[in-house]
Amino acid sequence: QVQLVESGGGLVQPGGSLRLSCAAARSVFSINTMGWYRQSPGKERELVAAITNGGSTNYADSVKGRFTISRDNAKHTVYLQMNSLKPEDTAVYYCNADRVYILRTSYQNDVWGQGTQVTVSS
């Protein structure tokens, strides 16, 4: 039905930067709140950052001042700029949308991307 596709992950050294992108794989009408989550092996998935359709943002304390979430509603794309990366940022990062409107009155809730690997290591 609806799919989100992430890109931009990779291997970087501590202190480096990456920019993640996530977009709907098909044409959609609109998307409500979008967010980035991450999960390391054996650990619970956690919220990294979220942004509403109006541009209001929220960040995990561990990434405040280092990560910036943004979105382009015209492109239905959300971004995560990650600076000053630390080894503890290593995880699979997942994009999420709480509600995706395929049509004005047709939607799907809690849509996830497939994940993109971010590895921070020297």
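Up top you'll find the structure we're talking about.
Our subject in this report is the structure included herewith. (Residues numbered from 1 in each chain as written. Predicted model: local features only at pLDDT ≥ 70, side-chain atom pairs only at ≥ 80, totals over all residues. Heavy atoms only, no water.)

A word on the pattern of salt bridges
Now for step 1: Under the criterion given, the structure shown has four salt bridges.
Now for step 2: With its nearest N and O atoms 2.9 Å apart, the salt bridge here joins Asp89 to Arg38. Taken as a pair, Asp89 in the loop between strand E9 (77-82) and strand E10 (91-103) and Arg38 in strand E5 (residues 34-39) lie far apart in primary sequence, 51 residues in all.
Now for step 3: Here Asp61 and Lys64 are joined by a salt bridge, their closest N and O atoms 3.2 Å apart.
Now for step 4: Residue classification places Asp61 among the exposed positions, given a relative accessible area of 65%.
Now for step 5: Within the structure, one salt-bridge network assembled from shared partners comprises Arg38, Glu46, Arg66 and Asp89. (Salt bridge = Lys/Arg side-chain N within 4 Å of Asp/Glu carboxyl O. Helix = DSSP H or I, 4+ residues; strand = E, 2+ residues; numbered from the N terminus. Buried < 20%, exposed > 50% of the residue type's maximum accessible area, 1.4 Å probe, protein only.)

Quick look at the sheet that holds strand E1 (residues 4-7)
Think of a sheet as strands paired side by side through backbone hydrogen bonds, with each pair either parallel or antiparallel.
Now for step 1: Sheet architecture is open: four strands sit in the order E1-E3-E9-E8, paired in antiparallel fashion. The open sheet has two free edges, formed respectively by E1 and strand E8 (67-72), since each of these has just one partner strand. Put simply, the sheet's adjacent strands are angled 15 degrees from each other on average, direction ignored.
Now for step 2: Alignment of E8 against E9, held across six bridges, turns out to be antiparallel. Paired with Ile69 across the bridge in E9 is Leu80. (Pairing = 2+ DSSP bridges. Axes fitted to C-alpha atoms, helices over the stretch in contact; angles between N-to-C directions.)

Structural notes on the environment of Ile51
Now for step 1: Along the chain, Ile51 falls in strand E6 (residues 46-51).
Now for step 2: In this structure the C-alpha to C-alpha distance between Ile51 and Gly35, which are 16 residues apart in sequence, comes to 6.1 Å.

Thoughts on the packing of aromatic side chains
Now for step 1: Under the counting rule described, the total for this entry stands at two aromatic pairs.
Now for step 2: The ring of Tyr79 carries the charged tip of Arg19 above its face, separated from the ring centre by 4.0 Å.
Now for step 3: One Lys or Arg, Arg99, reaches over the ring of Tyr107 and ends 3.9 Å from the middle of that ring. (Phe/Tyr/Trp six-rings, centres within 6.5 Å; stacked < 30°, edge-to-face > 60°. Lys NZ or Arg CZ within 6 Å of the ring centre and 35° of its normal.)

Some details on the environment of Lys86
Now for step 1: When you line up the elements, Lys86 lands in the loop between E9 and E10.
Now for step 2: Each C-alpha atom, one on Lys86 and one on Val63, is 9.9 Å from the other, the two residues being 23 residues apart in sequence.
Now for step 3: Beyond its immediate stretch of four places on either side in the chain, Lys86 contacts Arg66 and Val120. (Contact = heavy atoms within 4.5 Å.)

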